Amino acid sequence: MREEIPHVRIRRASPDDAAMLSQLAARLFRQTYEGDIPAADLDDFLTAAFNPDRQRNELGDPATRTLLVEMDDRAIGYAQVRRGALPVETPDAEAEVELTRLYVDRPWHGRGVAKVVLAAAGRLAVDLGSSSIWLGVWERNGRAVAFYEKHGFRRVGVQEFRLARERHRDRVMVADVASLIDARDED
C-alpha cells in the first residue's frame, strides 16, 4: 500500500532564501554522501558549494530555477534546474536544461515526495524552453540511479566530477520532460 504524501508545499526560492537554502543544501548533501567521501573533502566541498553568498548568486541567476519543498513551514528538500547543454555528444538525445540538484530529507524517502518534486522540476524545464532534461548522478549512488531510471531517465554517457582531491564518475542521463510531468499522477 502506498503511503500518502502529507501536505507538501513546493515554491520557487528567492535570493531571500539564500541563508536557509545554504544550511539545507549542506545538510542534505552531507546526509547523502557522508561515509562515502573523506570527511575533510566533504567539509571543504560543502563550504565552497553551499555558502550563503553562492546560494544567493545562484538564486539570482536568470538561467537557474530553484524549488523549495516545505512541510509545516519547514524545508525538507529542494531541486534546482538551469540552462545548460548536454555535456556528452549522443545522436539520440539532446537537452538544454540540467537538473543540477534534487534532494529530499531522509525521513521522506520512499514516500512519493521526490517524484512530486521531479515533476515540478520538469515543469521548470518546460518554462526554460526544453522538452527534455539531463542530469549527472554519481555512479556509486545506486538509490538515486534507480530512482531516475524508474522515472524515465536513460544513460547517454559519463562525465567526471571532481570533489576536492578525488575524481568521481557521474552517469549522464536524459529524460523526456512530458514523462516526468505525467508520471506524478501514477502510482
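What you see is a predicted model, and the numbers here were worked out from it, not measured in a lab. (Residues numbered from 1 in each chain as written. Predicted model: local features only at pLDDT ≥ 70, side-chain atom pairs only at ≥ 80, totals over all residues. Heavy atoms only, no water.)

Asks: So, the environment of Asp-16: which residues are in play, and what are the values?
Replies: The residue Asp-16 is located in the loop between β1 (9–12) and α1 (18–33) in this model. In this structure Asp-16 comes out as exposed when scored by relative accessible area, which is 75%. Distance from Asp-16 to Gly-60, taken between C-alpha atoms, is 9.7 Å for residues 44 residues apart in sequence. (Helix = DSSP H or I, 4+ residues; strand = E, 2+ residues; numbered from the N terminus. Buried < 20%, exposed > 50% of the residue type's maximum accessible area, 1.4 Å probe, protein only.)

Asks: Can you tell me about the pattern of salt bridges, naming the residues and giving the values?
Replies: One pass over the structure, following the stated rule, counts 13 salt bridges. Residue Glu-149 is joined to Arg-171 by a salt bridge in which the shortest nitrogen-to-oxygen separation is 3.6 Å. Here Arg-171 lies in strand β7 (residues 166–176) and Glu-149 lies in helix α5 (residues 142–150), a separation of 22 residues in the sequence. Given a relative accessible area of 22%, Arg-171 falls into the partly exposed group. One salt bridge in this structure joins Glu-160 and Arg-167, with 3.8 Å as the shortest N-O distance. When salt bridges with common partners are traced through the structure, they connect Arg-9, Arg-11, Asp-17 and Glu-70 into a single cluster. (Salt bridge = Lys/Arg side-chain N within 4 Å of Asp/Glu carboxyl O.)

Asks: Give me the lowdown on the pairing of strand β4 (residues 97–104), citing residues and values where you can.
Replies: Within β4, seven of the eight residues are buried, which leaves the element mostly enclosed by the surrounding structure. Looking at chain direction, strand β3 (residues 74–83) and β4 are connected through seven bridges and run antiparallel. Across the sheet, residue Arg-83 finds its bridge partner in β4, namely Val-97. (Pairing = 2+ DSSP bridges.)

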